[in-house]
Amino acid sequence: MRVGLFLTCVNDTLYPRTGQATVALLERLGCDVDFPLAQTCCGQMHWNTGYGRQVEPMVRGFAETFAGYDAVVTPSGSCGAMIRDNHPRAAARSGDAALADAVAAVVPKVHELSEFLVDVLGVTDVGAYFPHRVAYHPTCHSLRLMRLGDRPTALLRNVRGLELVDLPGAEECCGFGGTFAVKNPDVSAAMGADKIRNAEAAGAEVLCAADNSCLMHLGGMLTRRQGAVRTLHLAEILAATEADPGGLTWAGVRNGARG
Amino acid sequence: MSAVPLGMPSFPDAAREATRNPTLRRNLRHATHTIRDRRAAAVAELDDWAELRAAGAAIKDRTLRHLDTYLEQAEAAVVAAGGHVHWAADAAEANRIVTDLVRATGETEVVKVKSMATQEIGLNEALAEAGITAYETDLAELIVQLGDDRPSHILVPAIHRNRTEIRDIFRDAMGEWGIPAPDGMSDDPRELAEAARLHLREKFLRAKVGVSGANFLVAETGTLVVVESEGNGRMCLTLPETLISVVGIEKVVPTWRDLEVFLQLLPRSSTAERMNPYTSTWTGVTDGDGPRAFHLVLLDNGRTSILADEVGRQTLRCIRCSACLNVCPVYERAGGHAYGSVYPGPIGAILTPQLRGTGSAVDASLPYASTLCGACYDVCPVAIDIPEVLVHLREKVTAQRGHVIERSALRAAAWAMRDPKRYTALQRAAAAGTRALHPRRLPLPGWGKAWTDTRDLPAVPKESFRTWWQRRDTSGGTK
Amino acid sequence: MTDSRARILGRIRTALAGTERTTPAPAEPIARDYRDSHTDTGLVELLAHNLADYRARVHHATETDLPDLIARLLGSRGAHTLVVPPGLPDGWLPTAAGLRAVRGTDLSAAELDAMSSVLTGCAVAVAETGTIVLDGGPGQGRRMLTLVPDHHICVVRTPDQVVASVPQALRRLDPRRPQTWISGPSATSDIELDRVEGVHGPRALDVVLLVPPGGA
Ligand code: SF4
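Residues numbered from 1 in each chain as written. Chains lettered and ligands numbered in written order. Predicted model: local features only at pLDDT ≥ 70, side-chain atom pairs only at ≥ 80, totals over all residues. Heavy atoms only, no water.

Going by what an unreviewed UniProt entry lists, chain C is known as Lactate utilization protein C and is assigned to Yinghuangia soli.

The name an unreviewed UniProt entry gives chain B is Lactate utilization protein, with Yinghuangia soli as the organism.

Set out below in structure tokens:
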């Protein structure tokens, strides 16, 4: 299966490890992964901040870039939701029928990582090893827009050595909310602090989510407070194996041969 | 809608104060979490909730598409049943109509059932100017009125107060308004409710004029419906000789049968009950039962302009259950007062800027008073996509003047994102810049400072993913 | 006033100018895929359970034991005055000594306030929600009667007056009659969003489920 990786601009720039882990994981499961260099951003920040008029070129770019793949995988529930829910709206608003058709063709092929693993590849045991106590935070867009349900936790439960702890108030928003974090910093920080307190109360070593943007907010608070919990993207847990628990090989380079 | 409260700061500024008030945080957390769990249980009892919700939304949408027809039908039915119908284009007109109606009775006092519409138009203040005292009779409204406070929740206006604070307010203020609180009253909610019962009973028994809102107005029969818990509504609706009901034009539902949907959706969503203790319905006037004169005031006050907006229109489906407030993580931390309106929480964040416009600091900030987490949409019994409307209103705000810096920054970003080469260049510049400075706190005002006041910036890696990817297949080495 | 009427209706029509609508309005169908009821059996038991869940006190009686039961209910509260609406069967009334039963046709609110208890029938009862509905029909009286006294005894004829659900109840009721739907004694959630029984309406609600002769 030829999989186009839509990494998202945040991961590309700030969290390349998540991208490398996603590639390592998907290749381990036999996918032919490509990262088309023409990709940029899904346009979510613009859309959600009230600049929807500016996203049309990004929507167009996405549809063109990923038209040729069997499946498009993204390690972000939030960007996945932007594409699924709002790219069709943006296309409709542009009045360009060809664009609307292109978007309608690509959207059904777009999957968030855990969705792709469970629904498309049909696996819940990806052969991972991660001997730590982990709390899973279902980010709002993974939970309520993408409706990931128990897919991420089903995957985590099958990770050897991993102890999944219950996160109190798991379904409450962490307070990131894109530009909310800077437009309403006090409420955002109050929400983040509650989330972190809950993770600490659960005795978690690692707070895991399917969205690095929320983890950037929580992680930034955690390092500022020098808390005992660290944040990690779901892909990085699922990519870890007994042979390579630290993911030392993910960033490896190679010549030519794939697989 | 009544004006923005004088000196009302923007939402983020007002919310900052609230987040620093530990008592308020505790009160709100306790109350919203209590009701949240109970609502979920009450809703889970019905395995056809999704179908009820869809029908509720569909009935409201169809009603809105034919609002002119249904209002005329409702008017005719009320008049046929012996009632009088008045139309008020705005708050001032509604207040004038009610004031004149009360004056015509010769009375200087009215008893009131909690009603969002009369709060919206500032009726009590308008009556006071005309020398008419309005007594709020809902327990929470009484707490607000006696405490000279502002409401902070649709259903429970005194949600920001805990039992001890309420005890103190009753003890200090009840005597000034009528029967004082019993000596030695504790903060047990039962004793507080008893004090309210004693205090208000005398007012109910002598009242000649009642003022209410309504939850529903049935067009085919002209029937009004008030859903309540305490019985103060029944008192106001049945004991006075004259009843005046101020009802937003969006409250109309076409048929008596349609109530079968809303009387299931509303109680479970608002108080998490299978059914609220009391629901009163009346049609015009009835010989020998209840008021002899009934006046219905149909209120527009900005609703028709919401109707004109195809995305915003769904706001008018709202049945004011307050479920969206109770699940909202922002409301829980910011409290209701930060919204600067009688409509707080997620519904307030979309309703107020549509009713008042986005001219003031607080109104322009309301569409941003949300993380777009979607919890409100999930619980809304009439499926209002509040995040969708918020984003829609954000577009209106950004189209106004005054967003120059943000607009140009985001436009520049959009320009870069349009083209992978520009995007890569921007990415490199950002990485080089932040790595060179490696700041953990940014001192300059703006987004950077807002971020780093409470959080570290992520360390920017040496190499972006795309740079690595290009290197991966071309350079030598092992996988 | 007429001006505003025209203005508001005009604004509505302008607002809807771009919206497709089929007339007449009811021609646009509503998908009513929800249930007509959530239960069909054991309605009386369910009603009793749900009434009790909201702190109404539930009793069972035949028409023959009714007067004694009512006398006991009044006695337990030390009630001396009972108001009854027109049309209430005489056979329901207790004959206990020292009890005064008053027909409530002309009593003012203040006079009602001096009465201990009120005894009525009802129009219909809803099992799923634990609700009794009064519509001012025979044996129910004006709305004020069941509001001002602090104690309400309501008799429900089972199984005839019991329906499963809200949709079924609405079909039995005439919207032109003023109605009061009662689910438990008055209550409030206004203090810390927790339910407390007993504010302005009757603080005590006794519901008697009248078993038909021979039992059911
Ligand atoms: S918007 Fe929906 S959830 Fe919020 S008060 Fe209105 S009906 Fe209830």
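1. Examining the domain arrangement of chain B
Residue and element names in this part refer to chain B. Segmentation of chain B into domains returns domain 1 (1-42 + 322-402), domain 2 (46-130 + 208-312), domain 3 (138-200) and domain 4 (404-470). Once you take the C-alpha centre of each, domain 1 and domain 2 turn out to be 24 Å apart. Each partner contributes residues to the interface: domain 1 has 23 residues there, and domain 2 has 26 residues. In total, about 2,000 Å² of surface goes out of reach between domain 1 and domain 2, with carbon and sulfur atoms giving 55% of it. On the domain 1 side of the contact with domain 2, Ala42, Gln354 and Pro381 bury the most area, a combined 26% of that side's loss. For the salt bridge of Asp309 with Lys396, the shortest nitrogen-to-oxygen distance reads 2.9 Å. (Domains from an automatic or database assignment. Contact = heavy atoms within 4.5 Å. Buried area = accessible area lost by both parts, 1.4 Å probe. Salt bridge = Lys/Arg side-chain N within 4 Å of Asp/Glu carboxyl O.)

2. A short note on the pattern of salt bridges
Across all of its chains, the model carries 72 salt bridges over all chains by this definition. When the shortest N-O distance is used, the salt bridge between Glu172(A) and Arg333(B) registers 3.9 Å. Linking Glu172(A) in the loop between strand E6 (163-165) and helix H10 (180-183) with Arg333(B) in helix H15 (residues 329-334), this pair reaches from one chain into another. Given a relative accessible area of 19%, Glu172(A) falls into the buried group. The exposure class assigned to Arg333(B) is buried, which follows from its relative accessible area of 2%. Between Arg177(C) and Asp135(C) there is a salt bridge, with its nearest N and O atoms 3.7 Å apart. Here Asp135(C) lies in the loop between strand E6 (131-134) and strand E7 (151-157) and Arg177(C) lies in the loop between helix H5 (166-172) and strand E9 (179-182), a separation of 42 residues in the sequence. By relative accessible area, Arg177(C) is classed as partly exposed at 32%. For Asp135(C), a relative accessible area of 12% gives the class buried. Bridged by salt links that share partners, the residues Glu172(A), Asp194(A), Arg197(A), Arg25(B), Arg29(B), Arg36(B), Glu332(B) and Arg333(B) form one connected network. (Helix = DSSP H or I, 4+ residues; strand = E, 2+ residues; numbered from the N terminus. Buried < 20%, exposed > 50% of the residue type's maximum accessible area, 1.4 Å probe, protein only.)

3. Things to note about the arrangement of the chains
For the 2 pairs of chains in contact, the maximum contact count is reached by chains B and C. Separated without contact, chain A and chain C have their nearest C-alpha atoms at a distance of 16 Å.

4. Quick word on helix H9 (residues 163-177) of chain B
Spanning 15 residues, H9(B) covers 20 Å between terminal C-alpha atoms, matching the ideal 21 Å at 1.5 Å per step. Taken as a whole, H9(B) carries its principal kink of about 35 degrees at Arg171(B). Here H9(B) has its buried residues at Ile166(B), Arg167(B), Ile169(B), Phe170(B), Ala173(B) and Met174(B). Packing partners of the buried residues in H9(B) comprise helix H8 (139-146) and helix H10 (189-206) of chain B together with strand E10 (187-191) of chain C. With its phi angle positive at about 160 degrees, Gly178(B) sits one or two positions after the end of H9(B). (Expected span 1.5 Å × (residues − 1). Bend = angle between axes of the 7 residues up to and from the residue.)

5. Thoughts on unusual backbone geometry
Omega for the peptide link from Thr158(C) to Pro159(C) comes to -5 degrees, which places this bond in the cis form. Here Pro159(C) is to be found in the loop between E7 and strand E8 (162-163). In this model, Arg147(A) sits at a positive phi of 55 degrees, which is unusual for a non-glycine residue. Within the secondary structure, Arg147(A) is located in the loop between helix H8 (140-145) and helix H9 (151-157).

6. Some points on the interface of chain B and chain C
At the junction of the two partners, chain B supplies 97 residues and chain C supplies 77 residues. Interface area, chain B with chain C, both sides summed: about 7,800 Å², of which 56% is carbon and sulfur. Counting the surface chain B buries against chain C, the share from its top three residues, Arg197(B), Trp256(B) and Arg274(B), is 10%. Along the contact surface separating chain B from chain C lie 16 salt bridges. Between the two partners, chain B and chain C, sit 44 residue pairs in polar contact (both at pLDDT 80 or more). Here the side of chain B that touches chain C takes 11 residues from H10(B), the largest share from any one element. The residue inventory of the side of chain B that touches chain C, partitioned by class, reads 45 nonpolar, 24 polar and 28 charged. (Polar contact = N/O pair within 3.5 Å; in protein donor to acceptor, adjacent residues only side chain to side chain. Nonpolar A, V, L, I, M, F, W, Y, C, P; charged D, E, K, R; others polar.)

7. Notes on the side chain of Thr281(B)
Within the secondary structure layout, Thr281(B) lies in strand E9 (residues 278-283). Not counting chain neighbours up to four residues away, the residues in contact with Thr281(B) comprise Thr223(B), Leu224(B), Val225(B), Trp256(B), Arg143(C), Arg177(C), Pro178(C), Gln179(C) and Trp181(C).

8. With respect to the interface of chain A and chain B
The interface is formed by 72 residues belonging to chain A together with 72 residues belonging to chain B. Overall, the association of chain A and chain B removes approximately 6,300 Å² of surface from exposure, summing both partners, and the carbon and sulfur fraction of that is 55%. Here chain A and chain B share 14 salt bridges between them. A salt bridge links Asp12(A) to Arg466(B); the shortest N-O distance between them is 2.8 Å. Between the two partners, chain A and chain B, sit 28 residue pairs in polar contact (both at pLDDT 80 or more). Examining the composition of the side of chain A that touches chain B, we find that 8 residues originate from one element, helix H11 (residues 185-201) of chain A, more than from any other. Here the residues of the side of chain A that touches chain B sort into 33 nonpolar, 24 polar and 15 charged.

9. Here's the deal with the site of the ligand
The environment of the ligand is formed by Cys318(B), Ile319(B), Arg320(B), Cys321(B), Ser322(B), Cys324(B), Ile347(B), Cys380(B), Pro381(B), Val382(B), Ile384(B) and Ile386(B). Looking at the shell around the ligand, its residues break down into 10 nonpolar, 1 polar and 1 charged. (Near = heavy atom within 4 Å.)

10. A closer look at the pairing of strand E3 (residues 71-74) of chain A
Within a regular beta strand, the side chains point alternately toward one face of the sheet and then the other, so they alternate between its two faces. All names here are of chain A. Neither face of E3 is exposed, since Ala71 and Val73 on one face and Val72 and Thr74 on the opposite face are all buried. Taken together, the 3 bridges between strand E1 (residues 2-5) and E3 define a ladder with parallel strand orientation. Within E3, the position partnered with Gly4 by the bridge is Val72. As paired elements, E3 and strand E4 (residues 110-112) share 3 bridges and run parallel to each other. Each bridged residue has a counterpart across the sheet, and for Val72 the counterpart in E4 is Val110. (Pairing = 2+ DSSP bridges.)

11. Notes on the pairing of E9(C)
Residue alternation in E9(C) divides its side chains into two sets, Gln179(C) and Trp181(C) and Thr180(C) and Ile182(C), and both sets are buried. Inspection of the sheet shows E9(B) paired to E9(C) by 4 bridges, in the antiparallel sense. Each bridged residue has a counterpart across the sheet, and for Thr279(B) the counterpart in E9(C) is Trp181(C). Bridge count between E6(C) and E9(C): 3 bridges; the pairing is antiparallel. Paired with Val133(C) across the strands is Trp181(C), a residue of E9(C).

12. A few points about the packing of helix H16 (residues 345-356) of chain B against helix H19 (residues 386-399) of chain B
Residues and elements named next belong to chain B. Where H16 contacts H19, the two axes come as close as 10 Å, and the packing angle between them is 40 degrees. Judged by the sense of rotation from one axis to the other, the crossing of H16 with H19 is left-handed. Between H16 and H19, the residues in contact are Pro346, Ile347, Ala349, Ile350, Pro353 and Gln354 and Ile386, Val389, Leu390 and Leu393, respectively. Partitioning the contact of H16 with H19 into residue classes produces 9 nonpolar, 1 polar and no charged. (Axes fitted to C-alpha atoms, helices over the stretch in contact; angles between N-to-C directions. Left-handed = near helix turned anticlockwise from the far one by under 90°.)

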